[in-house]
Each structure stands twice: as C-alpha cells, then as structure tokens.
Protein chains: 2
Amino acid sequence: MRILGIDPGSRATGYGLIHLEGNRLHHIDNGVIRPPQEFDLAQRLLHIYQELQIIIQQYAPDCSAIEQVFIGSNARSALKLGQARGVAVLSAATADLSVAEYSPLQIKSAVVGYGLASKSQVQLMVKALLKLPEVAQEDAADALAVAICHAHTGSLNRLTTPPRSRTNRGLNR
Amino acid sequence: MRILGIDPGSRATGYGLIHLEGNRLHHIDNGVIRPPQEFDLAQRLLHIYQELQIIIQQYAPDCSAIEQVFIGSNARSALKLGQARGVAVLSAATADLSVAEYSPLQIKSAVVGYGLASKSQVQLMVKALLKLPEVAQEDAADALAVAICHAHTGSLNRLTTPPRSRTNRGLNR
C-alpha cells in the first residue's frame, strides 16, 4: 500500500510517500512545494494543486493522510492555512484517494511512541524508521510522519473495516 | 464582459453571473451550491469544485470576483471558511480566470451607495439593478453583489490598466 502524507501550508506544503509492505515501511519520496513568493493567492493555490497532481500521477498512491489542524487563536492564520488545506484535500479527492486525518497526538504516538514528543524527535524517528540518509526538511518530515501514522493505524483498521472505506477514514466537516 | 461572483462557504457557496455591456448590467444566472450534509470534508470540497467547474464551463465567464473575508475571532470558523474559499479560488484559477477581491465596504458602496448598508438593502439593490423577478437567496445575492462591484470597479480599472491584468486585480496572500 502506497500512502501519500501531506502537510499543507500557503508558503510551504510538505509531501511524503511511503510504501507499506506487510509490516515494513519503505521510503519512496518526500519534498516541499514552495510557490514563488511573488505569486498572488490564486497563483499559489494553483501551484500547490498542480504540483500535488503531478506527484499523485507520478507515484499513484492508494490513499492519503493529512494532519488535523491545531487551531491557534489567530483567525487570520487559520484562514490562510485553511485555503491551502482545502486545496490539498481537493487534490487527493479529485484523484479519488481517501483522505485520512490524524491529530498531532496520534501522529507523535504512532511515530515516536508518545504523544508529547518534540519536533526534532519526530524528525529523527522518521529518519530512522524510513532509513533516510539524512533528516528530511521540516514540512516533508511532518508529511512522512502522518503517512507513517496512517500506515500503522490503517493496518489496525483493516482488521475491522474494509480497505478504503471513506465512511470510517473520511474527514469530518 | 461576463463576470462570475462567488460567495464561498463549506455549507453553502453562492454564485452569480452577470454580463456587463457598456454601462448596462444583465443578469445571467445565480444559485447556491449545497453539498449534501452527510458528505465528509473531502467530498464537500470536491462537490463545490466540480459544481463551480460545471458553471464555468457552461457560462464561460471572462473573470471572477470574490469577497474579502471578514476575519472574526473564531479561528475554527476561519479554517473551515478558508478550506471552501481556497477551493473556490482554485476553481477560477484552473479555468484561467482572474480573481478579484473586494472588501464588504467596497461591495456595499458599489451596490447600495454607502458602505454600512444592511444585508437586506444589498439584496433589494441587487434585485433592482439586475431586474430580478424576486430577491435572490442570501448567498447567491452576495455573489451577485461582488460581481456587480467588480463590474463597476473593473470599468474604472480598464481606464488605467489593461483588462485581465493579474498584477492589478490579483489577490494578495
């Protein structure tokens, strides 16, 4: 099973692709989509969408996963993040991929083993679990982490629910 | 010039199409896209995107306009609105339409004549300006209002800037 993890943002959208074979995880690719700074909002969103479409076409993942957003107190930031996140979710949906959502606590628990792990601990564990030659860029590491979380949780889910069941794994509003 | 106005929202996305001929405005169509309530986020965003694509293909507008979001204090609402708004902006961008953005003050000034007009005043003026048989639904009326605002402002813009210049009319981040 190929899993696409996405860490959306208007300035930087991380992506990470992994392959789950039995219980073993393999790294396929990771990177960060950075729309040129001079782009306006419409151009930025189009850039993120098109880059994700290229990645999905290239690697043909079976499903995707995205981090549940931590809602801070800043509504302006939430709006900007929401715009990028909406486009990221749409990218997966137009390619007919299921979109699973995990909280930061679930992701850290799945990757590091406890929910209060630091960012650098997550990055080091992502590197170790996927045998990366070096630590991935922050947004790409976060995208790989949510993909790893989905690999673990998805394995458990498959014991009780049919694969690619949108009802169980889909996002709530 | 055909203008598509969009009033995005995760529950209801209004759209309105008008035609500007010289100084005269003509109504083409308006409506509200309401994704079924049982849809999850990915399905909702896909629904909004696909419906807007159909509308754009059907009416072939020359440009689009969207309301600048009033940022309230609720970050959770801002995130949800952002997701729908990102998809709406992307819908126009994938169809190679410019996306102009106007504040509520600009829209009310353009439609009613002063910036503190009430919602019902805007709806009645939209009805009068476009000779509608009845008042449009709230989200559709808001979409028509931003299209009317763009028709007025766009006419002024065209005196000084070339049409469809993204640099001038594009959104800032």
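Here, the structure is the one placed above.
One structure accompanies this document, and this report is about it. These numbers come from a predicted model, not from an experiment.

Calculation notes
Residues numbered from 1 in each chain as written. Chains lettered and ligands numbered in written order. Predicted model: local features only at pLDDT ≥ 70, side-chain atom pairs only at ≥ 80, totals over all residues. Heavy atoms only, no water. Pairing = 2+ DSSP bridges. Helix = DSSP H or I, 4+ residues; strand = E, 2+ residues; numbered from the N terminus. Axes fitted to C-alpha atoms, helices over the stretch in contact; angles between N-to-C directions. Contact = heavy atoms within 4.5 Å. Buried area = accessible area lost by both parts, 1.4 Å probe. Salt bridge = Lys/Arg side-chain N within 4 Å of Asp/Glu carboxyl O. Polar contact = N/O pair within 3.5 Å; in protein donor to acceptor, adjacent residues only side chain to side chain. Nonpolar A, V, L, I, M, F, W, Y, C, P; charged D, E, K, R; others polar.

Time to look at the sheet that holds strand β4 (residues 63–67) of chain A. Residue and element names in this part refer to chain A. Here we have five strands laid out as an open sheet, ordered β3-β2-β1-β4-β5, and mixed in their pairing. A strand with exactly one partner marks an edge of an open sheet, and here the two such strands are β3 (24–33) and β5 (98–102). This sheet shows a mean twist of 25° between the axes of neighbouring strands, independent of strand direction. Note that β4 and β5 share five bridges and pair parallel. Residue pairing for β5: cysteine 63 is matched across the bridge by serine 98. Where helix α1 (residues 41–59) meets the sheet, its contacts fall on β1 (2–7), β2 (13–21) and β3, and the angle it forms with β3 comes to roughly 155°.

This part takes up the interface of chain A and chain B. Of the residues lining the interface, 36 residues belong to chain A; the matching set on chain B comes to 36 residues. Taken over both partners, the interface formed by chain A and chain B buries close to 3,100 Å², and the fraction arising from carbon and sulfur atoms is 70%. Our count for the contact surface shared by chain A and chain B stands at zero salt bridges. For the interface between chain A and chain B, the tally reads four residue pairs in polar contact (both at pLDDT 80 or more). Elements represented by at least two residues in the side of chain A that touches chain B include exactly α1 and α2 (75–94) of chain A. Here the side of chain A that touches chain B is composed, by residue class, of 17 nonpolar, eleven polar and eight charged.

All quantities given are derived from atomic positions and should not be read as evidence of function.
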